[in-house]
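Chains, contacts and geometry: an overview
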Amino acid sequence: MRAAVLRDGRMVVRDDVPEPVPLEGQVLVAVKACGICGSDLHFAKHGDQMVRLTREITGMPLQGGLPVDVDDDVYMGHEFSAEVLEAGPRTDAPAPGTVVTSLPVLLSPKGFEPILSSNTVLGGYAERMLLSTPLLLRVPDGVDPRHAALTEPTAVGLHAVNKSAIAPGEAALVIGCGPIGIAIVAALRLKGVEHIAAADFSATRRDLAATMGAHVTLDPADGSPFDTAKPAVIFEAVGVPGIINDVMRRAPLGSRLVVAGVCMQPDTVLPLFGIAKEINVQFVNAYDHNEFAESLRAIADGDIDVSPLITGEVGLDGVDAAFDELAHPDTHCKIMVTP
């Protein structure tokens, strides 16, 4: 079986991957589409650092960090849709041919294994993979499998909006219009927020933010977005050092900051900025199963049109080049892999 794997910082295609065999409670599926996520790009570039940092974290279910050896081949791809092929023994599963998506977790005798970055658990950059029947969501008839694959990043945006507790009449400012910022814009529109501003240096990304529901788009090169937006809630979706501190310095009194951008470097903040204005700071990550299901419904019902996000499509042989292309923000938003 073929799969694209991370090896020595590059994506290479293997054609000798053992065929996965479903156990009880699992199904074998054929991958229909898989989106390339920014976290995959981060792992390709900073995998050893990410593994090391996660091993320093305590107080989480994934105690001990990501169970992956970056010196061995790494399977990735967690934004996927797939077609059911066969079920494991004694497993009640959707009929073969059913198109599904799933939270990116495999339930196995080892416990909860993330479908994220793994030496053993196949992800969506493969022809076939295993999924767990309790976590499956059937993709409604007529929904493009490429659109269904974007349930996962859509849920990330929805979770950030839910955590913010924003009310429809409150103004929102989204800083950074990459895939996560765009998903936040779409979720804000879904929730009926009436004043959505989006800021990015890229004109291409600002145009996409407007397409996905931003009422106003702002170029930070032309002046502080806070002078125009006057937001009650700010969503930071950039993830570079200095952004959080700058937001707290500029944000209105009593505003709320939701940090969705993943910064991999040490950062410095001046607490005085936040204290003086009584700013509430909320860090967010991922989503829950209800938000995942709501995101699929929103896509299927047309409440969120994800088609503008798809700016490229490649097979397994094109994954490595796609990783390189996604390093340039004006070129692509989301490249889909169709094995």
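Calculation rules
Sequence positions are assigned chain by chain, starting from 1 and proceeding in written order. Where totals are concerned, whole chains, interfaces and linings use all residues; where local detail is concerned, this predicted model gives features only for residues with pLDDT of at least 70, and gives and counts side-chain atom pairs only at 80 or more. Think of the side-chain values as coming from all heavy atoms in the structure, minus any hydrogens and water. We treat two strands as partners when DSSP finds at least two bridges between them. In this description a helix means any DSSP run of H or I spanning at least four residues, a strand means any run of E spanning at least two, and both kinds are numbered starting from the N terminus. Throughout, a residue-residue contact means that at least one pair of heavy atoms, one from each residue, lies within 4.5 Å. Angles shown run from 0 to 180 degrees and are taken between the N-to-C directions of axes, each axis being a line fitted to C-alpha atoms and, for helices, limited to the stretch in contact. Residues enter a nonpolar core if they are buried and are Ala, Val, Leu, Ile, Met, Phe, Trp, Tyr or Cys, with the set joined through side-chain atoms within 4.5 Å. Three exposure classes are used, based on accessible area relative to the maximum for each residue type with a 1.4 Å probe and protein chains only: buried under 20%, partly exposed in between, and exposed over 50%. UniProt positions are given in the numbering used here, feature names are shortened, and annotations may be inferred rather than shown by experiment. Each crossing gets its hand from how the near helix is turned against the far one by less than a right angle, where anticlockwise is left-handed and clockwise is right-handed. Salt bridges are identified by distance alone: a Lys or Arg side-chain nitrogen within 4 Å of an Asp or Glu carboxyl oxygen.

Right, let's get into the sheet that holds strand β2 (residues 10-14). Taken in spatial order, the 4 strands line up as β2-β1-β4-β9 in an open sheet, and their pairing is antiparallel. Each end of this open sheet is capped by a strand with a single partner; those strands are β2 and β9 (117-118). The strands touched by helix α1 (residues 38-56) are β1 (3-7), β4 (74-76) and β9; relative to β4, the strand with the most contacts, the crossing angle is about 165 degrees.

Now for the nonpolar core. Counting residues in each nonpolar core, the largest one holds 45 residues, and the members touching the most others are F43, Y125 and L131. At the level of elements, β1, β3 (26-35), α1, β4, β5 (79-87), β10 (128-132), α10 (319-325) and β19 (334-337) are the ones that each hand at least two residues to this core. Tallying contributions element by element places β3 first for this core, with 5 residues. With near-sequence residues (within four places) excluded, F43 lies in contact with L6, M50, V51, L66, V68, V70, V74, M76 and S117. Judged by nonpolar contacts, the second largest core, of 36 residues, contains V174, A198, A260 and I304.

All right, on to the UniProt feature "domain: Alcohol dehydrogenase-like C-terminal" (unreviewed entry) in the chain then. Within this numbering scheme, the UniProt entry marks residues 179-300 as carrying the feature "domain: Alcohol dehydrogenase-like C-terminal" (unreviewed entry). The distance from the first to the last C-alpha atom of residues 179-300 is 19 Å, and the span holds 43% helix and 16% strand.

Quick look at helix α7 (residues 243-250) now. Here α7 has its buried residues at I243, I244, N245, V247 and M248. Its buried side turned inward, α7 meets β12 (171-175), α6 (225-229), β15 (233-236), β16 (256-259), α8 (271-277) and β17 (280-283).

Where helix α3 (residues 151-164) contacts helix α9 (residues 289-300), the axes come no closer than 8 Å and their chain directions differ by 115 degrees. Considering only the axes of α3 and α9, their crossing is right-handed. Note on element contacts: α9 touches α3 through E291, F292, E294, S295, L296 and I299, opposite T151, E152, T154, A155, L158, H159 and N162.

Once that is clear, we can look at the sheet that holds β15. Spatially, the 6 strands line up as an open sheet ordered β14-β13-β12-β15-β16-β17, and their pairing is parallel. On the outer flanks of this sheet lie β14 (216-218) and β17, each paired with one strand and no other. Across the sheet, the axes of successive neighbouring strands diverge by a mean angle of 20 degrees, strand direction being ignored. When β12 meets β15, the two strands line up parallel, connected through 4 bridges. Bridge pairing in β15 links I175 to E236. This element, α3, spans β15, β16 and β17 of the sheet and lies at about 150 degrees to β15.

In this section: the pattern of salt bridges. Scanning the entire structure with this criterion turns up 20 salt bridges. The salt bridge involving D73 is made with R14; its shortest N-O contact spans 3.2 Å. In this pair, D73 is assigned in the loop between α1 and β4 and R14 in strand β2, connecting sequence segments 59 residues apart. As far as the burial class goes, D73 and R14 line up, both buried.

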